[in-house]
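Structural features, examined
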Amino acid sequence: MLINKCLFPVAGYGTRFLPVTKAVPKEMLPILAKPLIQYGVEEAMSAGITTIAMVISKHKQAIKDHFRAHPEIESSVQGTAKASLLDEVNYVTEHCDFTYIEQQQMLGLGHAIHSGQPLIGNEAFAVILPDDLCTNVGDSVLAQMTKLYAQHPDCCIVAIEEVPMDEVDKYGVIDGKLLDNSDNAYRVHNMLEKPDSADAPTNLAIIGRYILTPEIFTVLANTQPDKNGEIQITDALMILAKQGKVIAYKFQGQRFDCGSIKGFVEANTVFLKTSFM
Ligand code: G1P
């Protein structure tokens, strides 16, 4: 196994979902009855990853509780039809190791990923942003990416999709050249974080799935904050892209932007249709 660990940067406040996120972590918001974070961990497992590393904050204990045994609930549903409702999360809890580190300051995604270094060490790792919920009938998006990484073990990989040009300012945007014999993987030569549409080189937007080589930690340590004082993973990756070490992968499947209320409701609607109708 080339990728053994998956990092989840989940310390953010989730202010777009206030007031619910005052007391409920946004990663615990449910698509049907399952929280976003569980979909993310299940996607990591589908790529053969069972070491889960979370960069968390003290306000998000509910995430830890979700992946802990709960003997009282277990015994209250034992022998009833509801017992099976716990099967999936119990499977996750039993098969994964969870490690946590608290992020002290919110200084951007790059800073959050850098904060996870003690949990990752000196090896390549995956990153999942659980508010990007991805589905596919075949291999999961992260499983597709780990297969590509196996062919390019010196490179970082970012997942991309085409978005409308007037939405590029919500994303990291890449420019690149298709790899030989590929119609979905680009060697990246330019990356911009949330550009104005007039400045965006393409409409190829980065979504919340990354495979990063440990080199990224050294680069992040030297990455300057942007104009908002945040350290961006996109800026750090741009340093490696200049050395030809970043590949952007146009994944197969569907992504729901559950960081927005519209995308969150859409995901619930689609999942409801596919589950019960
Ligand atoms: C982050 C990244 C951005 C990426 C996005 C994907 O932005 O900084 O490059 O396109 O995730 O969801 P955020 O949505 O955290 O502002």
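Predicted model, so just to flag it, every value in this text is computed and none were measured.

1. Brief notes about the state of the cysteines
Summed over all chains, the structure comprises 0 disulfides. There is no disulfide at C155, and the cysteine sulfur nearest it, in C156, is 7.6 Å away.

2. Regarding the environment of R209
With respect to the secondary-structure elements, R209 resides in strand β11 (residues 204-212). For the pair R209 and A81, spaced 128 residues apart in sequence, the C-alpha separation works out to 36 Å.

3. Quick notes on the UniProt feature "domain: Nucleotidyl transferase" (unreviewed entry) in the protein
Following the UniProt record, one finds the feature "domain: Nucleotidyl transferase" (unreviewed entry) at residues 11-270. The distance separating the terminal C-alpha atoms of residues 11-270 is 28 Å; by composition the span is 31% helix and 25% strand.

4. Thoughts on the layout of surface pockets
Estimated volume of the largest pocket: approximately 1,100 Å³. Secondary-structure elements contributing two or more residues to the lining of the largest pocket are α5 (109-115), β11, α9 (233-241) and β13 (254-257). The element best represented in the lining of the largest pocket is β11, accounting for 4 residues. Every residue lining the second largest pocket is counted, 24 residues in all, and those nearest its centre are A33, H66, L85, L86 and V89. Put simply, the parts of the chain that give the lining of the second largest pocket at least two residues each are β3 (34-35), α1 (36-46), α2 (61-66), α3 (71-77), α4 (87-95) and α10 (261-276). A per-element tally of the lining of the second largest pocket places α4 first, with 5 residues.

5. A few points about the site of the ligand
As a structural note, the neighbourhood of the ligand is formed by 13 residues, with D132, G172, E193, K194 and I206 the closest of them. In the environment of the ligand, an oxygen atom lies 2.6 Å from a nitrogen or oxygen atom belonging to the side chain of E193. Take I206: an N or O atom from its main chain is 2.6 Å from an oxygen atom of the ligand. Relative to its unbound accessible surface of 380 Å², the ligand loses 77% to contact with the protein. Take the shell around the ligand: its biggest share by element is 4 residues, from β11. Grouping the constituent residues of the shell around the ligand by class yields 6 nonpolar, 4 polar and 3 charged.

What counts and what doesn't
- Residues numbered from 1 in each chain as written.
- Predicted model: local features only at pLDDT ≥ 70, side-chain atom pairs only at ≥ 80, totals over all residues.
- Heavy atoms only, no water.
- Disulfide = S-S within 2.5 Å.
- Helix = DSSP H or I, 4+ residues; strand = E, 2+ residues; numbered from the N terminus.
- UniProt positions renumbered as here; feature names shortened; annotations may be inferred.
- 1 Å grid on protein atoms, 1.4 Å probe; cavity = no way out; pocket = protein on both sides within 12 Å on 5 of 7 lines; lining within 4 Å.
- Points joined across faces, edges and corners; volume = space filled by probe spheres on them.
- Near = heavy atom within 4 Å.
- Polar contact = N/O pair within 3.5 Å; in protein donor to acceptor, adjacent residues only side chain to side chain.
- Areas by Shrake-Rupley, 256 points an atom, 1.4 Å probe, with all protein chains shown as cover.
- Nonpolar A, V, L, I, M, F, W, Y, C, P; charged D, E, K, R; others polar.

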